[in-house]
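# Structure assessment
Here is how the chains run, residue by residue.
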Amino acid sequence: MASAEASGGDKYRSFLHGESEKNTVWRLGAPPNYDVVNKLFEDERTHVWPEGSLEEKVQRLLKSWEMELVHKPRPQDQKTVNSEKYSASTNGMKPLSRAEVMAIGGYNAFLRTKLPPEHRIYDPDKETLESGMATFLTAFPRGFAIEVLDVYSGPPKIAFKFRHWGYMEGPFKEHPPHGQRVEFFGVCIFHVDEEIKVEKAEYFYERGNFLASFLSAPAAAGAASGSGCPVMQGN
């Protein structure tokens, strides 16, 4: 998995700085700074994976992939993605192409749902790329940390469990901040090519409990991770 470890990132991400990024076009005009969310990650992560381990490599790939899809609009700048083949799906829904994901934004792609519009806490069909980013950046001023909890298989079909969390210290739509941790757990499958570029991403998680956490302070930790099959709930 050498490709995912190329130089030019912060402690946990590749392809942020360095010679490989001298011609990169950034969505906001400059590389993002992850210092604040890295501190949250370091303070509250549940695993410290040894450098060079499969888990550490997958976690770096995950963080780098997420960064590139959010902050690099041009396909030629995205080094973790096979732009010609890339697709992404959520909870077994119809896959989206790279162009479709980039048009609506990562948050809206990740939060796609089959629920009727009147039952949606957050409606990705009514949001733009910009409004989706603004919604979650406002709700999570310290960022939205992510860690790999377990890796079930390595390349070319990388399957892993992850945890995503932040603190609702800003409003979410019309809902005032409650200051508590909002988190969810999920499983992701990265189908990668021989250069460890992601050709297909499939993620499964319980959408309903995650969004409900913005309406009031989350319940006890045991309920935060949800229960039952994530594919069948909260779609």
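Residues numbered from 1 in each chain as written. Predicted model: local features only at pLDDT ≥ 70, side-chain atom pairs only at ≥ 80, totals over all residues. Heavy atoms only, no water.

- In the annotation of an unreviewed UniProt entry, the entry for the protein chain reads Pathogen-related protein, and the organism field reads Eleusine coracana subsp. coracana.

## Some words on the overall build of the protein chain
- Within the protein chain, the regular secondary structure consists of seven helices and six strands.
- Listed by position from the N terminus, the elements making up the protein chain come as α-α-β-β-α-α-α-β-β-β-β-α-α.
- For the protein chain, the proportion of its 235 residues judged to be buried stands at 48%.
- Accessible surface, the protein chain: about 11,000 Å² in total, of which carbon and sulfur atoms supply 54%. (Helix = DSSP H or I, 4+ residues; strand = E, 2+ residues; numbered from the N terminus. Buried < 20%, exposed > 50% of the residue type's maximum accessible area, 1.4 Å probe, protein only. Areas by Shrake-Rupley, 256 points an atom, 1.4 Å probe, with all protein chains shown as cover.)

## Focus: the pairing of strand E1 (residues 87–90)
- Along E1, one buried face is formed by Ser87 and Ser89 and the opposite face, lined by Ala88 and Thr90, is buried too.
- As judged from the two bridges shared by E1 and strand E2 (residues 96–97), these two strands associate in the antiparallel manner. Paired with alanine 88 across the strands is leucine 96, a residue of E2.
- In this structure, the hairpin formed by E1 and E2 is closed by a connection of five residues, where asparagine 91 is found at a positive phi of approximately 50°.
- With four bridges joining them, E1 and strand E6 (residues 198–205) adopt parallel strand pairing. Paired with alanine 88 across the strands is alanine 201, a residue of E6. (Pairing = 2+ DSSP bridges.)

## A few points about the side chain of arginine 60
- Position of arginine 60 among the secondary structure elements: in helix H2 (residues 54–71).
- Here the side chain of arginine 60 touches arginine 13 through a polar contact of 3.2 Å, landing on its backbone oxygen. (Polar contact = N/O pair within 3.5 Å; in protein donor to acceptor, adjacent residues only side chain to side chain.)

## Quick notes on the pairing of strand E5 (residues 181–192)
- For E5, the tally of buried residues reaches nine of 12 residues, placing the bulk of the element in the interior.
- Relative to E5, strand E4 (residues 157–167) is paired through 11 bridges, and the arrangement is antiparallel. If you follow lysine 161 over to E5, its bridge partner there is valine 187.
- In the sheet, E5 pairs with E6 via seven bridges, with the strands oriented antiparallel. Considered in E6, the bridge of valine 192 is made with valine 198.

## Considerations on the packing of aromatic side chains
- Enumeration over the complete set of coordinates arrives at 21 aromatic pairs.
- Between tyrosine 12 and phenylalanine 41, the ring centres sit 4.9 Å apart and the planes meet at 70°, which makes this aromatic pair edge-to-face. Of this pair, tyrosine 12 sits in the segment before helix H1 (35–44) while phenylalanine 41 is found in helix H1, placing the two residues 29 residues apart along the sequence.
- On the accessibility criterion, tyrosine 12 (14% relative accessible area) is buried.
- With a centroid separation of 5.3 Å and an interplanar angle of 70°, the aromatic rings of phenylalanine 160 and phenylalanine 190 are classed as edge-to-face. Taken together, the residues phenylalanine 160 in strand E4 and phenylalanine 190 in strand E5 connect sequence positions 30 residues apart.
- If you follow arginine 13 out to its NZ or CZ, it ends over the ring of tyrosine 34, 3.7 Å from the centre.
- The ring of tryptophan 165 carries the charged tip of arginine 163 above its face, separated from the ring centre by 3.7 Å. (Phe/Tyr/Trp six-rings, centres within 6.5 Å; stacked < 30°, edge-to-face > 60°. Lys NZ or Arg CZ within 6 Å of the ring centre and 35° of its normal.)

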